[in-house]
Every structure is written in C-alpha cells, then in structure tokens.
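Chains, contacts and geometry: an overview
Listed here are the chains, written in short residue letters.
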Amino acid sequence: MANEKVYIFDTTLRDGEQVPGCKLNTEEKIKLALELEDLGVDIIEAGFPVSSPGDFRSVDEISKVITKSTVVGLTRAVQNDIEVAAQALKHAVMPRIHTGIGSSDNHIKYKFNATREQILERAVAAVKLARNLVPEVEFYAEDAGRADLEFLAQLVEATIAAGATILNIPDTTGSCLPHEYQGKMEYLMTHVSNIDKAILSCHCHNDLGLATANSIAGAIGGARQIECTINGIGERAGNTSLEEVVMVIKKHPSLNLYTNIDTTKLLPMSRLVSDTMRMMVQPNKAVVGDNAFSHSSGIHQDGFLKEATTYEIIAPHEVGADASHIVLTARSGRSALAYRFKNLGYEFDRNQVDDLYQQFLAVADAKKEVEDSDLREMADKVVANV
Ligand code: KIV
Ligand code: ZN
C-alpha cells in the first residue's frame, strides 16, 4: 500500500492560545506563523477573527505573510462571524473558513436549546455562506466525540453536499477511547455517501491523556488531517501535541502514512512557543521535554553507552536536539562515570575508576545530581597523587 499524506493543521495560535494567561500579541503570532510554515505545517489556524479586533488583525496580518500554508479563520455557524472571517482572510493565498456547531445532544440541548433538525439547517446555511466567500470550507461538528453516530453521519453528509471539503470530528471534551474514535471515523468513511468528496479531520483534546492516541487511531480509521498544537497546549488539559503525532507517524512505517513536517525543527519550535507564551514544557514531555534524551539509571546508561538504540527509539538529531545526556546520580554505574571522565579529558584505569566511584556515590547521595565541577575536583586529586 502506498504511503498516504496526513495533513497537519496547527491550531497553536487559536485553540492553543486559549490557555489562561498565554495571550500573544500580533507580532508574536506573525513570528510563530512564519516558523510554523517553515516547519512544514500544511494549515495554520490563525485565530477567531470575530472574537476581538486583536484576533482580526492577527488573522489579517498572518494572511499577508504566509504563502505556502493554508490560513484558517474560525467561526461559529453565525452569518456575521463568517463574513468577518472572510474579510480577515482576504489577503491569504490559500484561505479557509472553519465553521461549525455543536453536534452532541448535550450541546444541542444545553448550548443551543435547539433540535437536531435546526442544527442541520444552521450547519448547512453556514457552510453555503462560507463557501460563497472563500474557496475552501472546513466544517466542525463540535463535541462529535459524544454525538449520536447516525446524526453525525447525517450532519457530515449534509455539510459536504453544501460545499465543505474538510470535515472535523472533534473530541471536544477528550472523552473518547482510541478504538471508539477510530470506530467513528470508520463509520463515517462507510456510511456517508459523499465522503469521497471530503477528508475527515481529527481534533482531540487531552482531558484523559488520550489526545495523541485518539488522533492516531482516527488516522488509522481513515482521517487524513490531524489538528494539533505545539507542546500540546490548549484549553484545559490541552490539544493533541503536534510533535507527538508527527513522530508516531514517522516511527511507524507500518501505518503507511507520512507528514510534511521537517522533524529536525521540532525542538527549536517547541522552545520558541514555550518562551513566547511563557509556558514551561514538562521535563518528561514526549519528544521535546528536557529529559526526553537523558539517561539516569545505571542499567539504562550501561546499555545506552554500548548501543544507543537499546534505550532510544528517536535519535536526538531527528528532532533537532544536540545530543543525549548521561545524568550522573546515585543510580549511575561505573561505565557512565568512566564515560563522563573521558568526555572531560581524563583516562583512568579500572582500579582508579573503582576508587573514584566510591567518592562519586558519596557526593551523589548528598547532592542528587553530580556536576562536572565535582568530577573535576575528584579527578584532579587522583592526577595530582599519581
Ligand atoms: O474542540 C473543539 O471542538 C474546537 C472546535 C471549535 C473546532 O476547538
Ligand atoms: Zn478544540
């Protein structure tokens, strides 16, 4: 089977920016958008133009500078939202309106106080209006994760007939299990008569820590677009992490999928977003966390020093990291210690390493992590006594 492309739709500047306290100004958003384009992101969701003059300006300015990626403006299924988004996108080389409405009975009842029929009508009208204003329309069926499957299929079919060519199936509350989310995509692929005219998109939230697993399951089920954010930032527990889905796809050729992302730019991109938004990345974060390429236990260090692939399935340079790190703690063994001494320019025989190891353990127990300066002090004493 030939490899098929999964389009990467980045929503760091829209869903990601909904993180409390992480508001970006227009200049910061333009800078990030240019870097996202350089990373190889196919589609950049630049904002929600009707939500504020600042968001309108960001979408407008980003539309002027982005030439290779599609630029997206989010709307509700509301006439004014759609008209304002079309205005904000007027300079974009490839503009897309992302419009939608709640699809679960919960949203239909509590958010819209409406019936399924009314939701269908509003969805179709929104897509038709958007399609008259821009060449490409994506429809989101909000809270699709909890929606009735037959109604979801009806909504998807009707909005494709109205002109949407990308159908977003959001797990808005992050409630699905991977096999359920995959099953939804499979159902839509087989029960929507005009599905060949559109692609399905995964948009998963991380409330149960399943956003990446669900997005990959969705792609296995037939979706060909994944919506995600750098570092997985976003509402509540966040969105699907871009770097994770991209590396899962890269590391699993049996999926027969690929993306356009230059993975060597992932770590610099992660750092840029973290610094610009002043939002720290957890050290154990997959792919881009500070500890993602650090080895601290003796057993792992020994294996890693013999052959890196014993404990690393990603080589640091694949994601733009400089090197793996051996962290010296009381769990480290003699081989890691000898290796670090060698890196610092000291060659010791086995007996010397044995002696140094006892001193090292004493420091490690006292300090948790042993620094190069501690090692130099120990090594210089040995050298002076020889
Ligand atoms: O999570 C969600 O449902 C969304 C939509 C607005 C696409 O972010
Ligand atoms: Zn979302």
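What this report covers is the structure whose coordinates are included nearby. Remember, predicted model here, so these are calculated numbers, not experimental data.

What follows concerns the site of ligand 1. In the vicinity of ligand 1, the residues found are Arg14, Asp15, His98, Tyr140, Glu142, Asn168, Pro170, Thr172, His203 and His205. Separating an oxygen atom of ligand 1 from a side-chain N or O atom of Asp15 is a distance of 3.1 Å. Measuring from an oxygen atom of ligand 1, one finds a side-chain N or O atom of Thr172 at 2.7 Å. Burial of ligand 1 by the protein amounts to 93% of the accessible area it has alone, namely 260 Å². Contributions of two or more residues to the shell around ligand 1 are made by strand E6 (136-142) and strand E7 (166-171).

Attention shifts here to unusual backbone geometry. A positive phi angle, near 50°, is found at Arg236, a position not held by glycine. The phi angle at Val287 is positive, at roughly 70°, despite the residue not being glycine. Turning to its location among the elements, Val287 is positioned in the loop between helix H10 (266-277) and strand E11 (294-295).

Right, let's get into the coordination of the zinc ion (ligand 2). The protein atoms that coordinate the zinc ion (ligand 2) are Asp15 (OD), His203 (NE2) and His205 (NE2), at distances spanning 2.0 to 2.1 Å. All donor residues of the zinc ion (ligand 2) come from one chain, and their arrangement in sequence is D-x187-H-x1-H. As far as burial versus exposure is concerned, His203 and His205 are alike and both buried.

As a further point, take the sheet that holds strand E3 (residues 43-47). Spatially, eight strands are ordered E2-E3-E4-E5-E6-E7-E8-E9 in a closed barrel, and the strand pairing comes out parallel. In this sheet, adjacent strand axes meet at a mean angle of 25° when their direction is disregarded. Here E6 pairs with E7 via three bridges, running parallel. Each residue of the ladder has a partner; that of Glu138, found in E7, is Ile166. Each of strand E5 (95-102) and E6 is contacted by helix H5 (residues 116-133), which is oriented at about 170° to E5, the strand it contacts most.

On to the pairing of strand E9 (residues 225-228), then. For a regular strand, side-chain orientation follows a simple rule: the groups alternate between the two sheet faces. Burial along E9 is two-sided: Gln225 and Glu227 facing one way and Ile226 and Cys228 facing the other are all buried. Relative to E9, strand E2 (residues 7-10) is paired through four bridges, and the arrangement is parallel. Paired with Phe9 across the two strands is Glu227, which belongs to E9. Note: strand E8 (residues 199-204) against E9, three bridges, orientation parallel. Bridge assignment links Ser201 to a residue of E9, and that residue is Gln225.

Turning our eyes to something else, we now look at the nonpolar core. Grouped together as the largest cluster of nonpolar side chains are 90 residues, with contacts concentrated most on Leu39, Phe139, Ile169, Ile226, Leu242 and Leu266. In terms of nonpolar packing, the next biggest core, distinct from the first, is built from 20 residues, Leu337, Val353, Met378 and Ala379 among them.

Interhelical geometry of helix H1 (residues 26-39) versus H10 gives an angle of 170° and a closest axis separation of 11 Å. As summarised for this structure, H1 and H10 are arranged roughly antiparallel, according to the angle between their axes. Contact residues: Glu28, Lys31, Leu32, Glu35, Leu36 and Leu39 in H1; Leu266, Met269, Leu272, Val273 and Thr276 in H10. For the contact of H1 with H10, a count of residues per class yields seven nonpolar, one polar and three charged.

About the cut-offs
Residues numbered from 1 in each chain as written. Chains lettered and ligands numbered in written order. Predicted model: local features only at pLDDT ≥ 70, side-chain atom pairs only at ≥ 80, totals over all residues. Heavy atoms only, no water. Near = heavy atom within 4 Å. Polar contact = N/O pair within 3.5 Å; in protein donor to acceptor, adjacent residues only side chain to side chain. Areas by Shrake-Rupley, 256 points an atom, 1.4 Å probe, with all protein chains shown as cover. Helix = DSSP H or I, 4+ residues; strand = E, 2+ residues; numbered from the N terminus. Donors = N, O, S within 2.8 Å, 3.2 Å for Na, K, Ca; no water. Buried < 20%, exposed > 50% of the residue type's maximum accessible area, 1.4 Å probe, protein only. Pairing = 2+ DSSP bridges. Axes fitted to C-alpha atoms, helices over the stretch in contact; angles between N-to-C directions. Contact = heavy atoms within 4.5 Å. Core = buried A, V, L, I, M, F, W, Y, C linked by side-chain atoms within 4.5 Å. Parallel < 35°, antiparallel > 145°, perpendicular 65-115°, else oblique. Nonpolar A, V, L, I, M, F, W, Y, C, P; charged D, E, K, R; others polar.

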